[in-house]
Amino acid sequence: MADETIGIVGAGIVGLAIGREITLRRPGTRVVVLEKEDAVARHQTGHNSGVVHAGIYYPPGSLKAQLCTRGRSLLKEYCQERRIAYDECGKLVVAVRADELGRLDNLEKRARENAVPGMRRVDAAGIREIEPHAAGLAALHSPETAITDFPGVARAFADEIVAAGGEVRLSWPVTSIVPASPRIEVVSGERRLTVDRLIVCAGIQSDKVARLAGDRQEPIIIPFRGEYMRVKPEKADMVRGMIYPVPDPRYPFLGVHFTRRVTGVVEVGPNAVLATAREGYKRSTFSVPDLAALAAWPGAWRMAKQHWRTGIKEVRGSLSKRRYMAEAMRYVPEIGAADVVRAGAGVRAQALDRDGSLVDDFRIHRMGAVTAVRNAPSPAATSSMAIAEHVLGAIFD
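Residues numbered from 1 in each chain as written. Predicted model: local features only at pLDDT ≥ 70, side-chain atom pairs only at ≥ 80, totals over all residues. Heavy atoms only, no water.

## Side note on the domain arrangement of the chain
Which entries qualify depends on this criterion: Domain delimitation follows an automatic or database domain assignment.
In terms of domain boundaries, the chain breaks down into domain 1 (4–46 + 151–219 + 360–396), domain 2 (91–143) and domain 3 (222–239 + 251–358). If you average the C-alpha positions of domain 1 and of domain 2, the two centres end up 37 Å apart.

## Quick look at the sheet that holds strand S4 (residues 86–87)
Test applied: Two strands are said to pair when DSSP picks up at least two bridges between them. Numbered from the N terminus, helices here are DSSP runs of H or I no shorter than four residues, and strands are runs of E no shorter than two.
The strand order across the open sheet formed by three strands is S3-S8-S4, and the pairing between neighbours is antiparallel. Across the chains shown, the open sheet's two edge strands, defined by having one partner strand only, are strand S3 (51–52) and S4. With two bridges connecting them, S3 and strand S8 (residues 146–148) associate as antiparallel partners. Looking at the pairing, valine 51 lines up with isoleucine 147 of S8.

## Some words on the environment of serine 181
Considering the arrangement of structural elements, one finds serine 181 in the loop between strand S10 (176–180) and strand S11 (183–188). In sequence terms serine 181 and valine 122 are 59 residues apart; their C-alpha atoms lie 60 Å from each other.

## Points about the packing of helix H1 (residues 13–25) against helix H11 (residues 380–396)
Operational definition: Convention adopted: a line fitted to C-alpha atoms gives each axis, helices being fitted over their contacting stretch, and angles between N-to-C directions are expressed from 0 to 180 degrees. Note on angle classes: values under 35 degrees are labelled roughly parallel, values over 145 roughly antiparallel, values of 65 to 115 roughly perpendicular, and the remainder oblique. In this scheme, a crossing is called left-handed if the near helix is turned counterclockwise away from the far one by less than a right angle; it is called right-handed if the turn is clockwise. Residue contacts are counted whenever heavy atoms from the two residues lie within 4.5 Å of one another. In the scheme used here, Gly and all other residues not listed as nonpolar or charged are polar, with Ala, Val, Leu, Ile, Met, Phe, Trp, Tyr, Cys and Pro taken as nonpolar and Asp, Glu, Lys and Arg as charged.
Two elements in contact, H1 and H11, have axes whose closest approach is 8 Å; the angle formed by their N-to-C orientations is 45°. By the angle class used here, H1 and H11 are oblique. Classified by chirality, the crossing of H11 by H1 is right-handed. Counting all contacts with H1, which are made through Ile13, Val14, Ala17, Ile18, Arg20, Glu21, Ile22 and Arg25, the residues of H11 involved are Ala380, Ala381, Ser384, Met385, Ile387, Ala388, Glu389, Val391, Leu392 and Gly393. In terms of residue class, the contact of H1 with H11 is made up of twelve nonpolar, two polar and four charged.

## Quick notes on the pairing of strand S20 (residues 363–367)
Both faces of the sheet carry side chains from a regular strand, because those side chains alternate between them. Across five bridges, the pairing between S20 and strand S21 (residues 370–375) is antiparallel. Looking across to S21, one finds that isoleucine 364 is bridged to valine 373. Here S20 folds back onto S21 in antiparallel fashion, the turn holding two residues, of which glycine 368 has a positive phi close to 65°.

## Considerations on helix H10 (residues 321–328)
Quick note on the threshold: The rule is simple: take the accessible area with a 1.4 Å probe, protein chains only, and divide by the maximum for that residue type; under 20% is buried, over 50% is exposed, in between is partly exposed. Of all possible arcs, the one meant is that of the directions from the helix axis to the C-beta atoms.
Taken together, the buried positions of H10 are Tyr324, Met325 and Ala328. Projected onto a plane normal to the axis of H10, the buried residues spread over an arc of 85° and lie on a single side. As for H10, its buried residues are in contact with strand S14 (220–231), strand S16 (257–260), strand S17 (266–269), helix H9 (298–319) and strand S19 (340–352).

## A word on the sheet that holds strand S2 (residues 30–34)
The strands making up a sheet associate through hydrogen bonds between their backbones, and the pairing can be parallel or antiparallel. Spatial ordering of the open sheet is given by S9-S2-S1-S13-S21-S20, a layout of six strands whose pairing is mixed. Lying at the two open borders of the sheet, with one neighbouring strand each, are strand S9 (167–169) and S20. Averaged over all adjacent pairs, the angle separating strand axes in this sheet is 15°, with direction ignored. Inspection of the sheet shows S2 paired to S9 by three bridges, in the parallel sense. The residue bridging valine 33 from the neighbouring strand is valine 168, located in S9.

## Concerning the side chain of threonine 382
Test applied: As used in this structure description, the phrase polar contact means that two N or O atoms lie within 3.5 Å; if the pair is within protein, one of them must be able to donate a hydrogen and the other to accept it, and residues adjacent in sequence are counted only when both atoms belong to side chains.
Structurally, the position occupied by threonine 382 is in helix H11. Judged by its relative accessible area of 1%, threonine 382 falls in the buried class. A distance of 3.4 Å separates a polar atom in the side chain of threonine 382 from the backbone oxygen of valine 51. Engagement of the side chain of threonine 382 in a polar contact is seen with the backbone nitrogen of histidine 53, the distance being 3.0 Å. Other than its neighbours up to four places away in sequence, threonine 382 contacts Val51, Val52, His53, Cys68, Gly71, Arg72, Leu75 and Phe150.

Structure follows, in structure tokens:
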């Protein structure tokens, strides 16, 4: 139906990429993006580290692996066409201890299966050639891992939607979703929008909005706050690109790392601290309903039983700049607690299954005319244009 109306809940980069893709693939379709905030890209899109991933980490054959590879290529081309900052400053994934070399071997094998472009393994001398102030025994170098301005990309997507005759309705929180066969009525207080199809891309609120549309409870979203430190200008030149640890395969987080932003600022982080509110960007932000919902979910207690030691370690690092930087200094010894200041924080929308498993791959549910993106953590921003292709392919092809 060329004259149908498609609603999208959420004006983050994924929702806007899907809206843009609809306007390209189905001209004449009315696209209406609904966003509870007063601007686009207010949450995960606007609070991440700006890294365009090359596909090193993801299990071959997974949605993450497939869509990251495709998404990076599409995003690079888009940024070049739109003159949006895009810098292939490269990434080192560094092993600093002998017991990490086996994990680095496994990561190298995975990256090669995912055809990460230009990737090579380097020794200690090779590390110093790429990053003169870094330390380590061995590393994987990904020269095409890049940095960009994801909020800028999201705004460009929104502009395209509007230019094609669509709408981005801000300050429009969805309070209920009512089947109005054969259509769907989306409600925000006294306001109503009737659509033929609805796509939910609500990020940190994705499980709540999906359940309004009749989706099952599992998985729920739990918020992990990721806090950053900013390297003082006098030492920012010690990091040329990105320096990452070898990740712990038990977790979907990549560990505290050094990242150069497109602005030239160098940041350290993020950590991963369980937040006390879904939108808990500050330690002082506290939500009784959010915590009560988390406590009521069996998977939360199972997760806590498995990972409480790591949780305590992350909290200690959050409270102490010295502890936080002690980990980072293993990779760049000359940048310590005295060389950084506390910067911003983001909140990762992490899906959690009933059995206590942290959902690693993208997860998308369909309920008739409603499609819900239930888990889209990193590399969702990198993959956003490919996620859009994938979602529309599942709906229309």
